[in-house]
Amino acid sequence: MTDEFTQQKTRAAAWFRQLRDDIVAAFEGLEDSHANGPLSDTAPGRFEVSDTRRHSEDGSDAGGGLMSVLRGGRVFEKVGVNVSEVYGTLGEAAQRSMAARGVPGMDSDPRFWASGISLVAHMQNPHAPAVHMNTRMFWTPHAWWFGGGSDLNPCIEYPEDTAHFHAQQQAHLDPHGIDLYPTLKAWADEYFFVPHRNRARGVGGIFMDDRNTGDWEADFALTQDIGRAFLPAYVPLIEKRRVQDWSEADKDTQLVHRGLYAEYNLVYDRGTKFGLATGHDANAVLMSLPPMAKWL
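Structural notes, computed from the coordinates. What you see is a predicted model, and the numbers here were worked out from it, not measured in a lab.

**Some details on the overall build of the protein chain**
- In terms of regular secondary structure, the protein chain is built from nine helices and nine strands.
- A compact globule built from 296 residues should have a C-alpha radius of gyration of about 19 Å, and the protein chain, at 19 Å, falls within 12% of that.
- Projected onto its principal axes, the C-alpha coordinates of the protein chain cover approximately 60 × 45 × 35 Å.
- Classification of the 296 residues of the protein chain by burial places 53% in the buried group.
- Taking the contacts inside the protein chain whose residues are at least 6 apart along the sequence as the reference set, 69% of them involve residues at least 24 apart.
- Surface exposure of the protein chain reaches about 12900 Å², of which carbon and sulfur atoms provide 52%.

**Overview of unusual backbone geometry**
- The backbone of leucine 39 shows a phi angle near 70°, a positive value even though the residue is not glycine.
- Mapping leucine 39 onto the fold places it in the loop between helix H1 (6-33) and strand S1 (48-55).
- Even without being glycine, asparagine 198 reaches a positive phi, approximately 55°.
- Residue placement: asparagine 198 occurs in the loop between strand S7 (193-194) and strand S8 (199-200).
- Judged by relative accessible area, asparagine 198 falls into the exposed class, the value being 62%.

**So, the packing of aromatic side chains**
- Applying the stated criterion across every chain yields a total of 18 aromatic pairs.
- Relative to tyrosine 268, the ring of tyrosine 264 lies with its centre 5.8 Å away and its plane at 40°, an arrangement referred to as tilted.
- An aromatic cluster of at least three residues, connected via ring pairs, comprises Trp187, Tyr191, Phe192, Phe207, Tyr264 and Tyr268.
- The ring of tyrosine 158 has arginine 241 lying over it, and the distance from NZ or CZ to the ring centre is 3.6 Å.
- The lysine or arginine in question, lysine 251, covers the ring of tryptophan 246, its NZ or CZ lying 5.4 Å from the ring centre.

**A closer look at the pattern of salt bridges**
- Summed over all chains, the structure comprises 18 salt bridges.
- In this structure, aspartate 151 engages arginine 201 in a salt bridge whose closest nitrogen and oxygen atoms are separated by 2.8 Å. Of the two residues, aspartate 151 sits in strand S6 (residues 143-153) while arginine 201 sits in the loop between S8 and strand S9 (204-211), which places them 50 residues apart along the sequence. Here aspartate 151 and arginine 201 have matching classes, each one buried.
- Residues aspartate 252 and lysine 294 are paired through a salt bridge, measuring 2.4 Å at the closest nitrogen-oxygen approach. Taken together, the residues aspartate 252 in helix H7 (residues 248-267) and lysine 294 in the segment after helix H9 (282-285) connect sequence positions 42 residues apart.
- On the accessibility criterion, aspartate 252 (29% relative accessible area) is partly exposed.
- Lysine 294 gets classed as partly exposed once you look at its relative accessible area, which sits at 31%.
- Through salt bridges with shared partners, a single ionic network connects Glu160, Asp161, Lys240 and Arg241.

**Points about the pairing of strand S4 (residues 111-123)**
- For S4, the tally of buried residues reaches 11 of 13 residues, placing the bulk of the element in the interior.
- In the sheet, strand S3 (residues 76-89) pairs with S4 via 13 bridges, with the strands oriented antiparallel. Counted as the bridge partner of asparagine 82 is serine 118 from S4.
- Pairing geometry for S4 and strand S5 (residues 130-140), over nine bridges, is antiparallel. Bridge assignment links alanine 114 to a residue of S5, and that residue is phenylalanine 138.
- What sits between the antiparallel neighbours S4 and S5 is a turn of six residues.

**Observations regarding the nonpolar core**
- Ile23, Phe27, Phe76, Met137 and Tyr234 are the most contacted members of the largest nonpolar core, which has 49 residues in total.
- Considering every element that reaches this core, the biggest residue donor is H1, with nine residues.
- Core analysis: the second largest hydrophobic core is formed by 10 residues, Val86, Met98, Ala114 and Trp145 among them.

**Considering the environment of glycine 63**
- With respect to the helices and strands, the residue glycine 63 is situated in strand S2 (residues 61-71).
- Of the residues examined, glycine 63 reaches a relative accessible area of 3% and is grouped as buried.
- The spacing of glycine 63 and alanine 114 is 51 residues in sequence and 9.5 Å in space, taken between C-alpha atoms.
- In this view, glycine 63 contacts Thr52, Arg53, Arg54, Glu85, Val86 and Tyr87; residues no more than four positions away in its chain are not counted.

**Quick word on the sheet that holds S9**
- The seven strands are arranged S1-S2-S3-S4-S5-S6-S9 in an open sheet whose pairing can be described as antiparallel. Whereas interior strands pair on both sides, the edge strands pair on one side only; in this sheet they are S1 and S9. When strand polarity is set aside, the average angle formed by the axes of neighbouring strands in this sheet is 10°.
- Two strands pair when backbone bridges link them, and S1 and S2 are joined in this way by seven bridges, in the antiparallel orientation. Following the sheet pairing, arginine 53 is matched in S2 by glycine 64.
- Across the face of the sheet, H1 comes into contact with S1, S2, S3, S4 and S5 while running at roughly 10° to S4.

Here is what the cut-offs are and how they apply
Residues numbered from 1 in each chain as written. Predicted model: local features only at pLDDT ≥ 70, side-chain atom pairs only at ≥ 80, totals over all residues. Heavy atoms only, no water. Helix = DSSP H or I, 4+ residues; strand = E, 2+ residues; numbered from the N terminus. Rg over C-alpha atoms; globule rule 2.2 N^0.38 Å. Buried < 20%, exposed > 50% of the residue type's maximum accessible area, 1.4 Å probe, protein only. Contact = heavy atoms within 4.5 Å. Areas by Shrake-Rupley, 256 points an atom, 1.4 Å probe, with all protein chains shown as cover. Phe/Tyr/Trp six-rings, centres within 6.5 Å; stacked < 30°, edge-to-face > 60°. Lys NZ or Arg CZ within 6 Å of the ring centre and 35° of its normal. Salt bridge = Lys/Arg side-chain N within 4 Å of Asp/Glu carboxyl O. Pairing = 2+ DSSP bridges. Core = buried A, V, L, I, M, F, W, Y, C linked by side-chain atoms within 4.5 Å. Axes fitted to C-alpha atoms, helices over the stretch in contact; angles between N-to-C directions.

And the structure:
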């Protein structure tokens, strides 16, 4: 399987990098075009880009990625768009976790390769929703799969924004089978639920994991369309909401909601746990955390 998947790994990693480039350009475009409304008289934000590196226990190269973070913009208070391509040998705890999920052969050959894109945006304007998006491919000598999705996290919900976000997801998923959108929407509703608060993290979206139908091309095409859905689902919402005035109470509502977001990512999120457990750059892994939050 190693030789067979060399080309697939290259294609997947290149796609995640291209999607990263497209999103970074679109987000800087939102900063540039913010000509009216709160903070429009300040300078547009720009992404700071840095390489991340990962090393095995013996010091050998184990991959890395690119961390792109925009802080203190006039539209985005903090947004990170990270891509990575990592490889090596899974530790015992990660091996047990993979085996528990049904991945075969982890005890005999625990090598792995993974690539993906991860994005979290926290907004200046409380009326503009925060958002998360992630797509990834994971490979071991005995298995491969895709995962990811995107979900909307407004602190002040507008039903028409929620409807638009979900409609774009469905439009991109329906060509792959009309059963996919309701299935992945339900999966997102379950995955992004915060048990200790007994509530959802946001207004949902789509989510999948362990996607392996046996047809790599079909599963890769689906993963690409999940990524392609993101900008048309999200950008129009920001263009509409970034011009609205906000009050001190609105900002307080946003900070409290960010506390919920931070709790979820630190306690439940699989990507956060995997990144920290496998020794990836902690700043890149914890990029999802908001710049400011509040707990009552």
